[in-house]
Amino acid sequence: VVKYQDSWNIIRLEDCSSSGNGESYQEQLSRLEGDKESLVLQVSVLTDQVDVQGEKIRDLENSLGEYQHKLNSTEDRLQQELLNRSSLESQKLGLMEEVPGLKLKQGNMEEKHINRKYIYLLAVCVCPTGITEKIKDTTNSDLSSVSSGVDSGQQSPVLQENVKNSSIRKLWGKMKRPGVLSDDIEPIQFKRGGFRATAGPRLIRAPDSGRSSRAHTSFSKWTTEQVCGWLEDIGLGQYVSLARQWVDSGQTLLSATPRDLEKEICIKHPLHRKKLQLALRAFSNKTMEKSSELDHIWVTHWLDDIGLPQYKDQFYESKVDGRMLQYLTVNDLLFLKVTSQLHHLSIKCAIHVLHVNKFNPNCLRRRPGDENKTSPSEVVQWSNHRVMEWLRSVDLAEYAPNLRGSGVHGGLIILEPRFHSETLAMLLNIPPQKTLLRRHLTTNFNTLVGPQAQQEKQEFANASGHTPLTTTAKVRPKKLGFTHFRQLRKLRMDESADYICPMDTWNPPAMSGTPKRRYGSFRGILARDSDRLEQVGSKN
């Protein structure tokens, strides 16, 4: 019985535990079903959100494609505008190059017109009416042929001058003596009265009549006419009329002060006054510099060679000659409207090249040679046109016209330590995204300048405080206070000047070494001068 009772208790306990587990399973099942419904709801909500975000992403992709298309079209238009701008600048520079030639033609035409009047007046004073009409017709026919040649652009100024002189010689050949003409005109009977042949004005002044007499006489003993002729020879003929009234001899100009020159001859142009002072100082010191042989016409052609033809009018009006190039200051260049720092450095390097070559007028090389046998000593003498020919030889012909008016020449490339291939790429308007083209330019540029100049440029670029050379940096004049003006009055002209190319940088004995090191000592000097010019200029 006890055993049966124990088994019955065990069976009851098992039934109770099974009934308890059944209830917990129901609760868990109901709870899991509730969780399942909530998860299904969350999945449906998240699915709707994913659909909405997908639509937004598709809209953004469409907008991105439209903006990318607009950006590409804008870049194409920008590139086209840059090309149009470069072509317009090239056309502008070409027109500016033609202006001096047109001015010379205008001056020749005015001179021919004046000579025509002189010939007619002389014929009126000497000949009767009928003969005068015949001479007038002959003169008109000669001058009309000359003017037609000038208009058509087929005759040079030298040929026009020869034609003018031949017409004058033809007229004088017909007139053997007053009242008697050549074979085609019958001689007339001599009559008293009337005008003498010498009563009219002189046709022309013999160009060498005054120079031969001035060469053997000291300047202080020159007469008034000799001084006036000398003023015309150096390009200051507009002051001859007042100088004839004031100057008694050459000593008058030697003892004159800048204030006297401005007051008596009305030389208010600062560079005209500086040119006259430099010439007078050369006479007083009795030293004739090689640069004095280069006149202001040569300087205008020199500006073409170094790639700065846009300043030809300013230099021509200021009568800047070879002697003045040695003594040009920063303020002088600013007065000549040269404000770009790159153009200042271009003129400075070009003057350095002239110094080394002893102001040889033909030192710059314009014609291309063997591109495979170039050395830095030859590249430093390249003109702007020669650099453009080099660009064409390295397959960059489409960018070569962009160097017009940039001031890039061989002296700037070799002697300026801050001029790198990146600077040349900016001047050529090569886009930064064309990396292969820029790498090609850098390779050829390094080959051109040589390893020594490349190393010096790199050392200067790695120096502390280095500022890269930009194409938009401007040079501004120094601001002087009241005390500085008081000090400037006590200084002479050569003491107060901040020369663009200092005179002490040219040391001929240092240049007498090997030809390969002919320009080697200039780079350190140019580096110091670049820092000096950078201090004068403003950072852009």
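For clarity, every value in this text was computed on a predicted model and none was experimentally measured.

Asks: Explanation requested: helix α10 (residues 296–305) in the structure shown.
Replies: Within an α-helix, residues lying three or four positions from one another point in the same direction, as the helix has 3.6 residues per turn. Across the 10 residues of α10, 7 count as buried, placing the element largely inside the fold. Of the positions making up α10, those classed as buried are H296, W298, V299, T300, W302, L303 and D305. A positive backbone phi angle near 85° is found at G307, which sits one or two residues after α10.

Asks: I keep staring at the UniProt feature "domain: SAM" (unreviewed entry) in the protein and nothing clicks. Help me out?
Replies: Per the UniProt record, "domain: SAM" (unreviewed entry) is found at residues 222–286, 299–357 and 382–413. When the span residues 382–413 is considered, its composition is 44% helix and 0% strand, and the gap between its end C-alpha atoms is 9 Å.

Asks: Sorry, what's going on with a nonpolar patch on the surface here?
Replies: Taken together, the side chains of L104, I297 and Y316 make up a nonpolar region of the molecular surface, amounting to roughly 230 Å² of accessible area. By the element assignment, I297 lies in helix α10. The class of I297 is partly exposed, set by a relative accessible area of 30%.

Asks: How should I be thinking about the UniProt feature "coiled-coil region" (unreviewed entry) in the protein in this particular structure?
Replies: UniProt marks residues 57–91 with the feature "coiled-coil region" (unreviewed entry), using the numbering shown here. Taken end to end, residues 57–91 has its terminal C-alpha atoms 50 Å apart, with 100% of it in helix and 0% in strand.

Asks: Is there a simple way to explain the nonpolar core in this structure?
Replies: Here is a general trend for soluble globular proteins: nonpolar side chains tend to be buried in one another's company. The biggest cluster of nonpolar side chains holds 65 residues, and the ones touching the most others in it are W302, F315 and F419. Looking at this core element by element, the count peaks at 8 residues for helix α14 (residues 341–356). The contact partners of F419, leaving out residues within four places of it in the chain, are L342, V408, L412, I413, L424, L427, F445, K457 and L469. Judged by nonpolar contacts, the second largest core, of 21 residues, contains L253, I267, L276 and A279.

Asks: Can you help me understand a negative patch on the surface in this one?
Replies: Taken together, the side chains of D48, D51, E55 and D59 make up a negatively charged region of the molecular surface. Tracing the backbone shows D51 in helix α1 (residues 2–126).

Asks: Hey, could you run me through the pattern of salt bridges in this one?
Replies: Once their charged atoms are close, side chains differing in charge can pair, the charge on each being opposite to the other. Enumeration over the complete set of coordinates arrives at 9 salt bridges. The salt bridge involving K275 is made with D321; its shortest N-O contact spans 3.9 Å. Pair noted here: K275 is in helix α9 (residues 270–285) and D321 is in the loop between α11 (312–317) and α12 (322–326), with a separation of 46 residues, a long-range link. For the pair K275 and D321, a shared accessibility class is recorded, and that class is buried.

Asks: Teacher, can you tell me more about the side chain of D332 here?
Replies: Inspection of the secondary structure assignment puts D332 in helix α13 (residues 330–335). Its relative accessible area of 13% is what places D332 among the buried residues. In this structure, D332 is in contact with L271, K274 and Y327, ignoring residues within four places of it in sequence.

Asks: Explanation requested: unusual backbone geometry in the structure shown.
Replies: Note: most residues except glycine have negative phi, and most peptide bonds are trans. Of note in the backbone geometry, K337 takes a positive phi value of approximately 70° without being a glycine. Turning to its location among the elements, K337 is positioned in the loop between α13 and α14. Looking at K337, the relative accessible area reads 58%, which means it is exposed. Its identity is not glycine, yet K358 carries a phi of approximately 55°, on the positive side. Residue K358 is classed as exposed on the basis of its relative accessible area of 59%.

Criteria and cut-off values
- Residues numbered from 1 in each chain as written.
- Predicted model: local features only at pLDDT ≥ 70, side-chain atom pairs only at ≥ 80, totals over all residues.
- Heavy atoms only, no water.
- Buried < 20%, exposed > 50% of the residue type's maximum accessible area, 1.4 Å probe, protein only.
- Helix = DSSP H or I, 4+ residues; strand = E, 2+ residues; numbered from the N terminus.
- UniProt positions renumbered as here; feature names shortened; annotations may be inferred.
- Patch = residues over 30% accessible without salt bridge, like charges linked within 9 Å, V, L, I, M, F, W, Y side chains within 5 Å.
- Areas by Shrake-Rupley, 256 points an atom, 1.4 Å probe, with all protein chains shown as cover.
- Salt bridge = Lys/Arg side-chain N within 4 Å of Asp/Glu carboxyl O.
- Core = buried A, V, L, I, M, F, W, Y, C linked by side-chain atoms within 4.5 Å.
- Contact = heavy atoms within 4.5 Å.
- Lys, Arg positive; Asp, Glu negative; His and termini not counted.
- Charge placed at Lys NZ, Arg CZ, Asp CG, Glu CD.

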